[in-house]
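Residues per chain are reported as follows:
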Amino acid sequence: MIARLTLKNLGAHKLRLALTALAVILGTAFVAGTLIFSSTTNKAFDELFSEGARTIDVMVQAKQAFAGDDADTSAKPIPASVLDQVRKVEGVAEARGHVMGFAAIVGRDGKVVGGKGPPQFGVDWFGSLSEYALTTGRAPAAPGEVAIDSVTAGKTGYRAGDRVKVVVKGPAEPYTVVGIFKVGRSGITGGATYAAFDQATAQRLLLKPRAFSGIVAKAAGGVSQAELAKRVGAVVPAGYEAITAQKAADDAASDVKEFLGFLNTFLLTFGIISIFVGSFIIFNTFSMLVAQRTRELALLRAVGASRRQVTRSVMGEALGVGLFGSFAGLLAGAGLAIGLRVLFKAMGADLPTTGLVIAPGTVVWTFAVGVVVTLFAAYLPARRAAKIPPVAALRDDVAMPVRSLRYRAVTGGLFALAGGAVLAAGLAGGGNPVALVGAGAVLVFLAISMLSPLFARPVTRVLGAPFARLSGAAGKLSSQNAQRNPRRTSATAAALMIGMALIATVSVLASSMTASIDKALDSGLGADFQVSSGGGFGPPQSFDPSVAAGLAAVPGVESATPMKYTQIKLKDETTLVTVADPARLAKPFKIELESGALAAGTDEILVDAKTAKANSWKAGTAVPGQYADGATASIRVAGIYKDNPMAGSYLLGEGTYAAHYPSAQVSSVLIVKRPSADAATVKKALDGFLTAYPNLTLQDQSDMKEQARGSVNQLLTMITALLVLSIVIAILGIINTLALSVVERTREIGLLRAIGMGRRQLRAMIRYESVVISVFGALLGVAVGVGVGWAVQAALAGEGIDVLAIPGGRLAGYLVAAGLVGVLAAIWPARRAARMDVLRAIATQ
């Protein structure tokens, strides 16, 4: 009986439950889409990296003690003599050396292709063991020849026989395109570009003569990869290792999967936020449906239904909504996953393709999230439904039992106290400050959600006052309607509050980051100009140090200091360090020495005052360390300088770097002009010099600030766009609440129409009510968001975000946008109310 009744109720209230189901669909679609995108991309990369294992069985490479994406940890070259040794190993059918480095292809527009993220590879054409397959033309065989990948050829329009410029070490040089090749079977490069030279040319340009980046070998019949790797490993010199092709593929894939894992978590966070916001809508909808069906539920109790059966009936409806929403969300998630792939391609990351992967875990998690959240949100309304007494079926004035707000006040107060205590602990620097502030913020969110009914009436009264003054009866009634049920008003507003609070928090943090960066540049940057590659990561960021010498010779330039970043281990912790001559870096970075010497000799390092204090180091202190080539040393603290956000926490000398890191490339050059030189004239001369280097960008201090602001604003825009989904769900909640409120007040609306209220006035009344609820939620959200933003900024002050900046204009714009949201949300409920038949509305029980 209960099952049939549940199905009947779902059919009877399908319109009222539709928007609730849509909220579930949107939330679960985000979760499903993220999981499908992650599974599909992981499989595609597995297939891509496994292609290399088809042509080789073993790879020889230099050992590295550690490696990272944030610094130059390039491996040392392998001498050609090692290739001769590998070829003599029993079981090696074929072995070849290969070369890989940086080479940027210049397009027909004079700009380098790619480089803002994916790498720009220069490689050698090493024959049958490579994963490159010619599609047109031939392989490069002479110094002035190059072959390029098919994706780059498609973007630039280059064909075999064309002349193209390529940047390697010095200025861009002209080459003849002799061939176009495909990378792997798919031809997808993931946004990377490839320029292939003959081996001798590649060694001269990218590495050094008679040296290789790696050696690859093919096993003879009957010899396994593991066995061949063991044999080859026994003959290679110390400092090098032999690994199977499968392990090399797995290692390469693991780096990509680590990034995809971070991206997956990042996107899932917004899916969870959307589901959380949707739970308020589900709770509100079932609360209103139960209230509107009081007599129906009382009749069930009167004819013998138990409390458990009534509860099961309402929970059955919630289960139906959850199952439908989860199923539709899974389908929508597949479309979202395709959309994410298109978005990444538009951003320059042309990911490898394969068929959509909908793993069993994705289905389970999508349904688990959708169903569990829906059932959880509907549980309290179902419990209330079960408490309706049978005698209520005989009464016209029955109302749902409502618990006193005292319980909310006490519970919300306890959450607020707990949240305040945790926030205070985070701001005091205890434990992990950011984690504590985050936990405190969650408790404060919950506290505000619980306490909001207590101040819903006074706040909505103030917000509704202008409408009451300017719009007469419609305005007064809209204000009173918003105040009528503070629980419902606050629950509807809470959904919008969460989205607005998160957007406000991110806005405060973004403004604070921008202000902090401006302060750091003003206080710590003495250089007038900076030359860098203008984007990207890893090898594409670096360029030949000879550029610094050329820049120093430009008229009006006082100094041009090259610098780079790398990693070392200090006390078993991997640390990012700045590499440069400390004495030459003093002026460009305004370095002020506190003790010791402004110089770093062999196995010496300079540290800032904060790091020295945290570790109890002094000038002369010896610290156990290790370099990327595996060499260990007792690294001496040569000097301590005042905290400087531009220089970072550590300075390593160029001599020590050269002894342990093979790459001579630099990340940027800091330029100081002569005091008497005109800045505009010097900049023009520098631009003229750099015309031969299309991969490099010249910036003055204002350009650097603008670039930093652009990066922060881009991040803000992306996060805000992701949070818009929660705002959309909140809008659905307002629409749903108003639509159900119209049904609940059918007789009241009929009476208002009967005594003379026009349709336009009725629409205005509902529209004003919607605006009041929306602005109420936005006000709460902005207030909470500013508070949380301040707390997070204070917790991150030690990490460089030491300036609090509140974007008043942007936050005011959010409040105006909330008012517009209210207008939009009221369109359908208001039209529905205005079209009611007056006599039928009055006759409604």
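Residues numbered from 1 in each chain as written. Predicted model: local features only at pLDDT ≥ 70, side-chain atom pairs only at ≥ 80, totals over all residues. Heavy atoms only, no water.

## A few points about the overall build of the protein
Along the backbone of the protein there are 24 helices and 24 strands. Principal-axis analysis of the C-alpha atoms gives the protein an extent of 100 × 70 × 50 Å. Out of the 845 residues in the protein, the part that is buried amounts to 52%. In the protein, of all internal contacts separated by at least 6 residues, the share reaching a separation of at least 24 is 82%. Surface summary for the protein: the accessible area is close to 36600 Å², and the carbon and sulfur share equals 60%. The protein carries 82 positive and 56 negative side-chain charges, and their two centres are separated by 16 Å. (Helix = DSSP H or I, 4+ residues; strand = E, 2+ residues; numbered from the N terminus. Buried < 20%, exposed > 50% of the residue type's maximum accessible area, 1.4 Å probe, protein only. Contact = heavy atoms within 4.5 Å. Areas by Shrake-Rupley, 256 points an atom, 1.4 Å probe, with all protein chains shown as cover. Lys, Arg positive; Asp, Glu negative; His and termini not counted. Charge placed at Lys NZ, Arg CZ, Asp CG, Glu CD.)

## A few points about the pairing of strand β15 (residues 529–532)
Burial along β15 is two-sided: Phe529 and Val531 and Gln530 and Ser532, pointing in opposite directions, are all buried. Pairing between β15 and strand β23 (residues 668–673): four bridges, direction antiparallel. Considered in β23, the bridge of Gln530 is made with Leu670. Bridge analysis of β15 against strand β24 (residues 697–700) gives four bridges, and the strand direction is antiparallel. Bridge pairing in β24 places Gln530 opposite Gln699. (Pairing = 2+ DSSP bridges.)

## Structural notes on helix α13 (residues 486–524)
Given 3.6 residues per turn, any residue in an α-helix points the same way as the ones three and four places further on. With 39 residues, α13 ought to run about 57 Å at 1.5 Å a step, and its terminal C-alpha atoms sit 53 Å apart, in line with that. Along α13, the sharpest kink reaches roughly 30°, centred on Ala494. Burial of α13 is extensive: 31 of the 39 residues sit out of reach of the surface. (Expected span 1.5 Å × (residues − 1). Bend = angle between axes of the 7 residues up to and from the residue.)

## Section: the nonpolar core
Within the largest apolar cluster, 93 residues are counted, with the highest numbers of intra-cluster contacts made by Phe37, Phe270, Val277, Met500, Met765 and Ile766. The dominant element in this core, judged by the number of residues it contributes, is helix α21 (residues 759–795), at 19 residues. The contact partners of Ile766, leaving out residues within four places of it in the chain, are Leu738, Val742, Ala826, Pro829, Ala830 and Ala833. Judged by nonpolar contacts, the second largest core, of 40 residues, contains Val82, Ala95, Ile180 and Leu206. (Core = buried A, V, L, I, M, F, W, Y, C linked by side-chain atoms within 4.5 Å.)

## Considerations on the side chain of Thr311
Along the chain, Thr311 falls in helix α9 (residues 307–346). A relative accessible area of 15% means that Thr311 is categorised as buried. Excluding anything up to four places from it in sequence, Thr311 contacts Ala382 and Ala386.

## Brief notes about helix α18 (residues 679–690)
Spanning 12 residues, α18 covers 16 Å between terminal C-alpha atoms, matching the ideal 16 Å at 1.5 Å per step. Among the residues of α18, those classed as buried are Val682, Leu686 and Leu690. When α18 is viewed along its axis, its buried side chains cluster within an angular range of 70° and face the same direction. Facing away from the buried side of α18 by more than 90 degrees, the exposed set consists of Ala680, Thr681 and Lys684. On its buried face, α18 sits against β15, α14 (546–552), β16 (557–570), β23 and β24. Measuring from the backbone nitrogen of Ala680 back to the side-chain oxygen at the start of α18 gives 3.3 Å, which picks out Asp678 as the cap. (Arc of directions from axis to C-beta. Polar contact = N/O pair within 3.5 Å; in protein donor to acceptor, adjacent residues only side chain to side chain.)

## Concerning the packing of aromatic side chains
In total, this model carries 10 aromatic pairs according to the counting rule given. Between Tyr627 and Tyr661, the aromatic rings sit 6.5 Å apart at their centres with planes inclined by 85°, giving edge-to-face as the arrangement. Taken together, the residues Tyr627 in the loop between β20 (622–626) and β21 (632–641) and Tyr661 in the loop between α17 (654–660) and β23 connect sequence positions 34 residues apart. Exposure remark for Tyr627: the relative accessible area of 0% places this residue in the buried category. (Phe/Tyr/Trp six-rings, centres within 6.5 Å; stacked < 30°, edge-to-face > 60°.)

## Observations concerning the packing of α13 against α21
Direction vectors running N to C along α13 and α21 enclose 35°, while the axes themselves pass 6 Å from each other. Helix-helix and strand crossings are classified by hand; for α13 and α21 the assignment is right-handed. Looking at the contact of α13 with α21 residue by residue, the classes come out as 18 nonpolar, 11 polar and no charged. (Axes fitted to C-alpha atoms, helices over the stretch in contact; angles between N-to-C directions. Left-handed = near helix turned anticlockwise from the far one by under 90°. Nonpolar A, V, L, I, M, F, W, Y, C, P; charged D, E, K, R; others polar.)

## A closer look at the pattern of salt bridges
All chains considered together, the criterion is met by 15 salt bridges. We note a salt bridge from Lys218 to Asp57, for which the minimum N-O separation is 3.9 Å. Taken together, the positions of Lys218 in strand β13 (residues 214–219) and Asp57 in the loop between α2 (14–55) and β1 (58–62) put the pair 161 residues apart, joining distant regions of the chain. A salt bridge links Asp162 to Arg108, with the shortest nitrogen-to-oxygen separation between them at 2.9 Å. Residue Asp162 is found in the loop between α4 (150–156) and β9 (163–167), and its partner Arg108 is found in the loop between β5 (104–106) and β6 (120–124); the two are separated by 54 residues along the sequence. Look at the salt bridges and you will find they share partners, linking Asp518, Glu706 and Arg709 into a network. (Salt bridge = Lys/Arg side-chain N within 4 Å of Asp/Glu carboxyl O.)

## Description of a positive patch on the surface
Taken together, the side chains of Arg307, Arg383, Arg384 and Lys387 make up a positively charged region of the molecular surface. Checked against the element boundaries, Arg384 lands in helix α10 (residues 360–386). On the accessibility criterion, Arg384 (31% relative accessible area) is partly exposed. (Patch = residues over 30% accessible without salt bridge, like charges linked within 9 Å, V, L, I, M, F, W, Y side chains within 5 Å.)

## A few points about the sheet that holds strand β3 (residues 92–98)
Pairing within the open sheet is antiparallel, and its four strands lie in the order β3-β13-β1-β14. Looking at strand neighbours, the two that pair on one side only are β3 and β14 (240–244), the edges of this open sheet. When strand polarity is set aside, the average angle formed by the axes of neighbouring strands in this sheet is 20°. With five bridges joining them, β1 and β14 adopt antiparallel strand pairing.

## Remarks on the packing of α13 against helix α19 (residues 701–744)
The contact between α13 and α19 brings their axes to 8 Å, and the two run at 175°. Viewed along their axes, α13 and α19 adopt a mutual orientation that is roughly antiparallel. Among the residues making up the contact of α13 with α19, the classes are represented as 19 nonpolar, 10 polar and six charged. (Parallel < 35°, antiparallel > 145°, perpendicular 65-115°, else oblique.)

## Section: the pairing of β6
Counting buried positions over the five residues of β6 gives five, a clear majority of the element. Alternating residues of β6 divide into Gln120, Gly122 and Asp124 and Phe121 and Val123, and every residue in both groups is buried.

## Brief notes about the confidence of the model for the protein
On average, the protein scores 84 in pLDDT, and the residues at 70 or more come to 91%. Taken together, the stretch residues 535–540 has pLDDT below 50 and engages in 17 contacts with residues farther than four places along the chain or on a different chain. (pLDDT = per-residue confidence, 0-100.)

## Points about the environment of Leu454
Mapping Leu454 onto the fold places it in helix α12 (residues 433–484). The class of Leu454 is partly exposed, set by a relative accessible area of 39%. Along the chain, Leu454 and Arg406 lie 48 residues apart, while their C-alpha atoms are 9.2 Å from each other.

## With respect to the environment of Gln665
Looking at the secondary structure, you find Gln665 in the loop between α17 and β23. On the basis of relative accessibility, which here comes to 17%, the residue Gln665 falls in the buried class. Taking the C-alpha atoms as reference points, Gln665 and Lys564, separated by 101 residues in sequence, lie 7.9 Å from one another. For Gln665, the residues in contact, after removing those within four places along its chain, are Ser542, Phe543, Asp544, Pro545 and Lys564.

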